[in-house]
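Secondary and tertiary structure notes
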Amino acid sequence: MNIIIALAYLLSSILFILGLRNLSSPETARRGNQLAMSAMLIAIIVTLTKNEILDFTYIIIGLIIGSAIGAIIARKIQMTAVPQMVALFNGLGGGASALVALAEYNRLAGELRIDVIISMVVSLFIGAITFTGSLVAFGKLQGLVRSAPVVFKGGRLLNILLFTLFLAMGIIVIINPANSTVLLIILAIALILGILFVMPIGGADMPVVISTLNSCSGLAAAATGFVLSNNILIICGALVGASGFILTRIMCKAMNRSIANIIFGSVGTISVNNNDNSKRRVINYTEEDASMMLEAAQTVIIIPGYGLAVAQAQFALQELVTMLISKGINVRYAIHPVAGRMPGHMNVLLAEANVSYDLLFDLGDINDDFRHTDVALVVGANDVVNPSARADAESPLYGMPILNADQARSVIICKRSLSPGFSGVDNELFYQKKTLMIFGDAKESINKMIKLLKT
Amino acid sequence: MTEALLVSVYVFVLAIFVGFETITKVPPLLHTPLMSGTNAISGITLVGALISVGAGHSTLSTVLGLLAVIIATINVVGGFMVTDRMLEMFKKGKKKN
């Protein structure tokens, strides 16, 4: 029986890996996700045949309640809110791992091998940090908690102290596994650390935070796998841990920050001195100017930012794009890696608005084309087109890869106001001669352009 | 005992390499579905939760296990379903020219 279970877990692992492999192309991605689903189903069913399981009542109750809640959330959630949903689910995954560690501690009490107790401590610690950290991230993204960095004096010192305390408690419980109070202290430390880690991180850095927490939820599951000597948990946990790590690295690169810098830097609290800002004037253009310019163009690249989604203008934008394409104009979208609030978020928002994915281009694939482009249309984006990231070594954005909108022959920017982006840095591009600023609600502006282009 | 542990460590390390190789091939276009999908996969801890609650060891273990089953199931079901919803939206347009 045990051999059959082990082989079924192997099959399940293979299906998980094949599922992830299928995510390498949008054509096969949906099948990939379905493969992963079937892998999960196999793992669950096989587990239920284990002879350790004596009572199915609570299992059935738990599965029904969990499935119902999960299904409702997944159906109701708006695509703009996917980042906070992923944050919340990360937290639940981490929390579940911590709970399993506690339950197993209680079940196996007295006969704990050293490797099992170490795994328990790790699983409990990472799981609990992921839990509270994710809840804070969820709160920030949902607007329940102030999204600006919350920093207090001595915060870093407190983190170090708590971490040292954790190490000490960890050693005590490893030496004397019967001491359950110490395990609860570890739990408390981890819960507090999770909050302290995420509170000082600003809204703009949330893509990095979610990716890191994603990685942590995987590692917590892997640690639980070591507690239970269960390979399927170890394999899946490792896969998720690796995935989250890669995404964290990509996001850090896209923002030109190190993970240490994000955790300890708390950008957004620094107020940048925009000394000459008040004296500079931009010329306020109208939708008429913009639509004429678009109509005369042969090539247009659109740069959407999160402001587009805030204004719910993606559907109007797609209507505009369809119209331009039907006029024979070459229109493409340029997507910055941090457009949106989690990795790849903007692509999902545009896919929802029926933008076909072959119009969506990554920064690396399209950036050289701007110099041959007639119009760059920037909607609700700011920092990702700020040329100071390229040229001005003084700028906090310096070194961040940006979309070279300023190299296009002309630039149209739809924006609410001149206010700076997340970074707090003024944008040189707004003041250039070839730039047409159109202030106002992005959706209204685009709808006006559509009307003008129709006539 | 220790041999089993060693095998687990092997499995863990090799799986991380497989993860790296596989995930680097996922294009940025699909990073959000990737994350919500892997998020659902991390709900595999549900397997552990099932054992904890089903073993019926003590009330405490059962309560902790039940809680774990509920939240891990939310993670799994919600994660996979929302990923499916997203991937359904990714469509290729008819290419002109």
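Residues numbered from 1 in each chain as written. Chains lettered and ligands numbered in written order. Predicted model: local features only at pLDDT ≥ 70, side-chain atom pairs only at ≥ 80, totals over all residues.

A few words now on the overall build of chain A. The number of helices and strands found in chain A is 17 helices and six strands. Relative to its full complement of 455 residues, chain A shows a buried share of 52%. (Helix = DSSP H or I, 4+ residues; strand = E, 2+ residues; numbered from the N terminus. Buried ≥ 20, exposed ≤ 12 C-beta atoms within 10 Å, placed from the backbone.)

The number of helices and strands found in chain B is four helices and zero strands. Each helix and strand of chain B, ordered N terminal to C terminal, gives the series α-α-α-α. The C-alpha radius of gyration of chain B comes to 19 Å, more than 25% above the 13 Å expected for a compact globule of 97 residues. For chain B, the spread of C-alpha atoms along the three principal axes comes to 70 × 30 × 15 Å. Per-residue burial over chain B gives 62% buried out of 97 residues. When contacts within chain B are restricted to residue pairs at least 6 apart in sequence, those whose partners lie at least 24 apart make up 60%. (Rg over C-alpha atoms; globule rule 2.2 N^0.38 Å. Contact = placed C-beta atoms within 7 Å.)

On to the nonpolar core. Counting residues in each nonpolar core, the largest one holds 189 residues, and the members touching the most others are Leu124, Ile303, Val378 and Ile412 of chain A together with Ala68 and Val69 of chain B. If one sorts the elements of this core by residue count, helix α9 (residues 231-255) of chain A sits on top with 17 residues. Leaving out residues up to four positions away in the same chain, Ile412 of chain A has contacts with Ala290, Met293, Val375, Leu377, Val378, Leu436 and Ile438 of chain A. (Core = buried A, V, L, I, M, F, W, Y, C linked by C-beta atoms within 7 Å.)

With 81 residues of chain B at the interface, the matching set in chain A holds 95 residues. Breaking the side of chain B that touches chain A down by element, the ones donating at least two residues are α1 (2-23), α2 (31-41), α3 (45-54) and α4 (59-89) of chain B. Grouping the constituent residues of the side of chain B that touches chain A by class yields 46 nonpolar, 28 polar and seven charged. (Nonpolar A, V, L, I, M, F, W, Y, C, P; charged D, E, K, R; others polar.)

Our next topic: the confidence of the model for chain A. Residues and elements named next belong to chain A. Taken over all residues, the pLDDT of chain A has a mean of 88, while the share at 70 or more is 95%. Of all secondary-structure elements in chain A, the lowest mean pLDDT belongs to helix α10 (residues 259-265), at 70, while helix α2 (residues 29-48) reaches the highest, 96. Predicted confidence for residues 267-276 stays below pLDDT 50, and this span has 17 contacts to residues more than four positions away or in other chains. (pLDDT = per-residue confidence, 0-100.)

Another aspect to go through is helix α3 (residues 57-76) of chain A. For α3 of chain A, with 20 residues, the first-to-last C-alpha span of 29 Å sits near the 28 Å given by 1.5 Å per residue. All of the buried residues along α3 of chain A are Ile59, Gly62, Leu63, Gly66, Gly70 and Ala74 of chain A. Across the axial projection of α3 of chain A, the buried residues extend over an arc of 95°, all falling on one side. Opposite the buried face of α3 of chain A, by more than 90 degrees, sit the exposed residues Thr57, Ile60, Ile64, Arg75 and Lys76 of chain A. The elements touched by buried residues of α3 of chain A are α3 and α4 of chain B. (Expected span 1.5 Å × (residues − 1). Arc of directions from axis to C-beta.)

Quick look at helix α14 (residues 345-352) of chain A now. All names here are of chain A. Judged by how many residues are buried, α14 sits mostly within the fold: eight of eight residues are covered. Buried within α14 are the following residues: His345, Met346, Asn347, Val348, Leu349, Leu350, Ala351 and Glu352. Immediately beyond the C-terminal end of α14, within one or two residues, lies Asn354, with a positive phi of roughly 65°.

Residue and element names in this part refer to chain A. With respect to topology, six strands assemble into an open sheet ordered β3-β2-β1-β4-β5-β6, the strand pairing being parallel. Edge positions in the sheet fall to β3 (360-362) and β6 (435-439), since each of these pairs with one other strand and no more. Sheet twist, expressed as the mean angle between neighbouring strand axes with direction ignored, is 25°. In this structure, strand β2 (residues 330-335) lies alongside β3, joined through three bridges in parallel fashion. Note that in β3 the partner of Ala334 across the bridge is Phe361. Sitting on the sheet, α14 touches β1 (299-304), β2 and β3, and the angle it makes with β2 is about 140°. (Pairing = 2+ DSSP bridges. Axes fitted to C-alpha atoms, helices over the stretch in contact; angles between N-to-C directions.)

Next up on the list: unusual backbone geometry. All names here are of chain A. One non-glycine residue, Ser229, adopts positive backbone phi at about 45°. With respect to the secondary-structure elements, Ser229 resides in the loop between α8 (206-228) and α9. Phi is positive for Asn354, close to 65°, though the residue is something other than glycine. Mapped onto the elements of the fold, Asn354 is located in the loop between α14 and β3. Here Asn354 falls in the partly exposed class, since 14 other C-beta atoms lie within 10 Å of it.

Turning our attention to the packing of helix α6 (residues 155-175) of chain A against helix α7 (residues 180-198) of chain A. All names here are of chain A. Orientation of α6 relative to α7, taken along the N-to-C sense of each, is 155°, at an axis distance of 9 Å. Judged by the angle between their axes, α6 and α7 are roughly antiparallel. For the crossing formed where α6 meets α7, the hand is left-handed. Residue-level contacts link Gly155, Leu158, Asn159, Leu162, Leu165, Phe166, Met169, Gly170, Ile172 and Val173 of α6 to Val182, Leu183, Ile185, Ile186, Ile189, Ile192, Leu193 and Leu196 of α7. For the contact of α6 with α7, the class distribution of residues is 15 nonpolar, three polar and no charged. (Parallel < 35°, antiparallel > 145°, perpendicular 65-115°, else oblique. Left-handed = near helix turned anticlockwise from the far one by under 90°.)

Here we come to the domain arrangement of chain A. All names here are of chain A. The assigned domain composition of chain A is domain 1 (1-71), domain 2 (81-267) and domain 3 (282-454). A straight line from the C-alpha centre of domain 2 to that of domain 3 covers 37 Å. With 17 residues of domain 2 at the interface, the matching set in domain 3 holds 13 residues. For the side of domain 2 that touches domain 3, the secondary structure elements donating two or more residues are α4 (82-108), α8 and α9. The element contributing the most residues to the side of domain 2 that touches domain 3 is α9, with five residues. Looking at the side of domain 2 that touches domain 3, its residues break down into 14 nonpolar, three polar and no charged. (Domains from an automatic or database assignment.)

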